[in-house]
Amino acid sequence: MGYNVGLLGLGTVGTGTAKIMLDSVGRHPLLEEISIVRVGVRNPDKAREVEFETGVLTDDLASIVTDPNIDIIVELIGGVDQALDYILTAIDHGKHVVTANKAVISRHGDEIFTAANAKGVYVLLEAAVAGGIPVLTPLKQALGVNRINRVTGIINGTTNYILTRMKNEGANFDDVLADAQRLGYAEADPTADVDGLDAADKITILASLAFGGRINLKDVYCEGIRKIAAADIAYAEKLGFTIKLLAIAQGRRPASGAMPDEIELKVHPTLLPKHHPLATVDGVNNAVLVEADPLGEVMFYGPGAGEGATASAVVSDIVSIVATLKSGTSTNDNGNPLLRCSHEHYTRVASMDQSVSRFYARILTQDRPSVIGQIGLAFGEHGVSLESVVQIDVHDRGAEIVVITHKVSEGEFQAALQALNALEAVVSIPSVLRVW
Ligand code: NDP
Ligand code: HSE
C-alpha cells in the first residue's frame, strides 16, 4: 500500500522536499512507497524548478487538507494564521502533519498537539529547529533517558551568517542581510531573524522537549543583533571573544532529579570565549549544545537553513510517520510514544532579573583624569565587580572604555548602568552585551 502526501508550499523548503521525494534512488527505500499527490501554492502559474503532472498544483489549499486520498499534510507555507488553520483542518480530517513552521508551533503548539492527540495523528517538526540538523528527534528519543540541564544553541542561520561576515570581512549589515535573503535563509519578514524572534520560537520548542512542558512564548527574553556595531565585533576579537546570537534554556533540578519547577529562557547576543565549542560555528551553520546527565555534553552541528538541508529534515519526518504506520502501531492506542507529544502542562519561566551572567559594556566618556575610577566606583556601589577595564580608544568624541564584569544578576547590573548614565563624565553607553 502506498502513502499519499499533500504538500502545502513550493518555495525554498517545499522545492527541496519535492526534489528529494521525486528522486528516491539511493535513499531510504520507504520513499518509493510515498507520493506527492497534490501541491498547494499561492500562484500555480509561477515557473517552478520541479515539474508535476497537470492538476497537481493548485491554489485551493483547503481542498488538499480535506482530501480523503491524502495521508500526510506537509505544511511549508510559513506564517501563522493560515498555516494554523490548514494544520488544524488536516488533523481534524485525520491526517498526520509534518511542518517546518516554528512560528506556528511556538504560538499554537498547545492547540495543535491537543487536537493531534485527540485525533490519534502525529505532528512532526524536525525541520522547524536548526534546519537540517537532527536535534528534536534525538531529544525525544536517544537523549530522552538523560536528565537535561541546559540547551544552548546557535539556532538562527541568518543572524549567524550576518555576524560571521561582519567579523570576517567587516561587511555591512544590510548587504549581508540581502545576501541571506537571496540564498533563501531569511524568513519572509527578516525582522523575525534579526530581532531574535525566530530563535525565540525555536528555543521554546527545544526547551519544551528538554524540560517536558509547554512554554509560553511571551515569557522568553529576546534581544536581537541590530545594535551590534562593528566596534563591538572588533573589541570582542581583541579581548579573545566572538559574538554569537545564543538561545539558552536552563533549569536547576531538585535533588530528586525531577524536572525543574522553573527554567530560564533567553535569546541574546553573547560574547563567547574563543575556546567555547559554539564559538567556531560560523556562516549559516547552526549548533545545539546539550548538557545531559549522565551523558555529559553533546553538540549537534550542521546547516541550519537552506533548501536541501531543511528538506532533509522534512522528508525524514515523512518517512518516520510512514514507518510507524507500516509497523501497525495503532494511533488510537496513543500511537508511538516516541513520536507523539506527551506533556500538556506549562513550565514556569523565571524572570530575567534573576538571571546571572558576566557583562560587556562599551562606554563613551569625556577624556579626562579619574573617569575610570568613577566608573569602577559606580559599579562597585551596586555590587558589580569588574573583571577588566580597558580604555580602547580616544577620539574627538572622547574616550571609549570597555568593561567586562564578573558574574552578576541582571537586576544589579541594570541598576549600576543607571548610576553610570547619571555620571557627568559618561557621554553614552552604546553597547551592553552578555558574556558567557
Ligand atoms: P518560501 O517563502 O520560500 O515559500 C513559501 C511557499 O508557500 C511558496 O511556494 C508560496 O507560494 C506558498 N504560500 C505562502 N503562503 C501561501 C498561502 N497563503 N496560500 C498558498 N500558498 C502559500 O518559504 P520557505 O520555503 O523559506 O519557508 C517555508 C517554511 O519553512 C516556513 O515556516 C519557514 O520558517 C520554514 N523554514 C525555512 C527554512 C529556510 O531555510 N528557508 C529553514 C527552516 C524552516 P508561491 O510559490 O506561489 O509564492
Ligand atoms: N530564517 C531561519 C534561519 C530559517 O535563518 O535560521 C531556518 O529556520
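For the structure, check the block above.
Conventions we followed
- Residues numbered from 1 in each chain as written.
- Chains lettered and ligands numbered in written order.
- Predicted model: local features only at pLDDT ≥ 70, side-chain atom pairs only at ≥ 80, totals over all residues.
- Heavy atoms only, no water.
- Helix = DSSP H or I, 4+ residues; strand = E, 2+ residues; numbered from the N terminus.
- Rg over C-alpha atoms; globule rule 2.2 N^0.38 Å.
- Buried < 20%, exposed > 50% of the residue type's maximum accessible area, 1.4 Å probe, protein only.
- Contact = heavy atoms within 4.5 Å.
- Areas by Shrake-Rupley, 256 points an atom, 1.4 Å probe, with all protein chains shown as cover.
- Lys, Arg positive; Asp, Glu negative; His and termini not counted.
- Charge placed at Lys NZ, Arg CZ, Asp CG, Glu CD.
- Salt bridge = Lys/Arg side-chain N within 4 Å of Asp/Glu carboxyl O.
- Near = heavy atom within 4 Å.
- Polar contact = N/O pair within 3.5 Å; in protein donor to acceptor, adjacent residues only side chain to side chain.
- Nonpolar A, V, L, I, M, F, W, Y, C, P; charged D, E, K, R; others polar.
- Pairing = 2+ DSSP bridges.
- Right-handed = clockwise from strand over helix to strand, strands pointing away.
- Phe/Tyr/Trp six-rings, centres within 6.5 Å; stacked < 30°, edge-to-face > 60°.
- Axes fitted to C-alpha atoms, helices over the stretch in contact; angles between N-to-C directions.

A. Highlighting the overall build of the protein chain. Broken down by element type, the protein chain carries 13 helices and 18 strands. Computed over its C-alpha atoms, the radius of gyration of the protein chain comes to 24 Å, within 12% of the 22 Å expected for a compact globule of 436 residues. Reported as C-alpha extents along the three principal axes, the dimensions of the protein chain are approximately 80 × 55 × 35 Å. A burial count over the protein chain gives 55% of its 436 residues as buried. Nonlocal contacts in the protein chain, meaning residues at least 24 apart in sequence, comprise 74% of its contacts between residues at least 6 apart. Carbon and sulfur atoms form 49% of the exposed surface of the protein chain, whose accessible area is close to 18,300 Å². For the protein chain, the separation between the mean place of its 36 positive charges and that of its 53 negative charges on side chains is 3 Å.

B. Quick peek at the pattern of salt bridges. Counted by the stated rule, this structure contains 25 salt bridges. Notably, a salt bridge pairs Lys-102 with Asp-198, separated by 3.4 Å at the nearest N-O pair. Of this pair, Lys-102 sits in helix α4 (residues 102–119) while Asp-198 sits in helix α9 (residues 197–211); the two residues are 96 residues apart in sequence, bridging distant segments of the chain. On the basis of relative accessible area, Lys-102 is assigned to the buried category, the value being 12%. With relative accessibility at 2%, the residue Asp-198 sits in the buried group. Between Lys-244 and Asp-282 there is a salt bridge, and its shortest N-O distance comes to 2.8 Å. Of the two residues, Lys-244 is situated in strand β9 (residues 241–251) and Asp-282 in the loop between β10 (262–273) and β11 (285–293); the sequence distance between them amounts to 38 residues. You can call Asp-282 partly exposed: its relative accessible area is 24%. Residues joined by salt bridges that share partners form a network here, namely Lys-102, Glu-187, Asp-198 and Lys-202.

C. Here's a closer look at the site of ligand 2. Taken together, the residues surrounding ligand 2 are Lys-102, Asn-156, Gly-157, Thr-158, Tyr-185, Ala-186, Glu-187, Asp-193, Asp-198, Lys-202, Gly-304 and Ala-305. One nitrogen or oxygen atom from the main chain of Gly-157 is found 2.7 Å from an oxygen atom belonging to ligand 2. The side chain of Asp-193 places a nitrogen or oxygen atom 2.7 Å from a nitrogen atom of ligand 2. Contact with the protein chains hides 94% of the accessible area of ligand 2, taken as 260 Å² for the molecule alone. Put simply, the parts of the chain that give the shell around ligand 2 at least two residues each are α6 (157–169) and α9. In the shell around ligand 2, the residues fall into 3 nonpolar, 4 polar and 5 charged.

D. The arrangement of the site of ligand 1 in detail. The immediate surroundings of ligand 1 are formed by 24 residues, with Leu-10, Asn-43, Arg-48, Glu-187 and Gly-306 found nearest. A distance of 2.9 Å separates a nitrogen atom of ligand 1 from a polar backbone atom of Gly-184. A distance of 2.6 Å is found between an oxygen atom of ligand 1 and a backbone nitrogen or oxygen belonging to Gly-306. When its residues are assigned to classes, the shell around ligand 1 shows 9 nonpolar, 10 polar and 5 charged.

E. Geometry of the side chain of Lys-102. Reaching out from Lys-102, the side chain makes a polar contact with the side chain of Glu-187 at a distance of 3.0 Å. Setting aside chain neighbours within four positions, we find Lys-102 in contact with Ala-128, Glu-187, Asp-198, Asp-201, Lys-202 and Ile-205.

F. Just the pairing of strand β1 (residues 3–8), in detail. Most of β1 sits out of view: 6 of its 6 residues are buried. Of the two faces of β1, the one holding Tyr-3, Val-5 and Leu-7 and the one holding Asn-4, Gly-6 and Leu-8 are both buried throughout. Two strands pair when backbone bridges link them, and β1 and strand β2 (residues 34–40) are joined in this way by 6 bridges, in the parallel orientation. Paired with Val-5 across the strands is Ile-36, a residue of β2. The β-α-β motif built from β1, the intervening helix α1 (residues 12–21) and the parallel element β2 has right-handed crossover chirality. As paired elements, β1 and strand β4 (residues 72–75) share 4 bridges and run parallel to each other. Within β4, the residue paired with Leu-7 across the bridge is Val-74.

G. Summary view of the pairing of strand β12 (residues 296–303). In this sheet, β12 lies alongside β11 in antiparallel orientation, the contact comprising 8 bridges. Directly across from Ala-287, in β12, lies its bridge partner Tyr-301. Linkage of β11 to β12, two consecutive antiparallel strands, is achieved through a turn of 2 residues.

H. Region of the structure containing the packing of aromatic side chains. Applying the stated criterion across every chain, the model contains 3 aromatic pairs. Geometrically, the ring pair formed by Tyr-161 and Tyr-185 is edge-to-face, given 5.6 Å between the ring centres and 75° between the ring planes. Here Tyr-161, found in helix α6, pairs with Tyr-185, found in the loop between α7 (173–182) and α8 (191–194); they are 24 residues apart in sequence, far enough to count as distant. For the residue pair Tyr-161 and Tyr-185, the accessibility class agrees, reading buried in each case.

I. Main features of the sheet that holds β1. Taken in spatial order, the 6 strands of this open sheet run β3-β2-β1-β4-β5-β6, and their pairing is parallel. Strand pairing shows two members of the sheet lacking a second neighbour, β3 (57–58) and β6 (123–124), which therefore form its edges. Two elements, β2 and β3, share 2 bridges in a ladder whose sense is parallel. By the bridge assignment, Gly-40 is partnered in β3 with Thr-58. Contacting β1 and β2, α1 crosses the sheet at an angle of about 155° to β1. Packing of helix α11 (residues 307–327) onto the sheet brings it into contact with β1, β2, β4, β5 (96–99) and β6, and relative to β5 it is tilted by some 160°.

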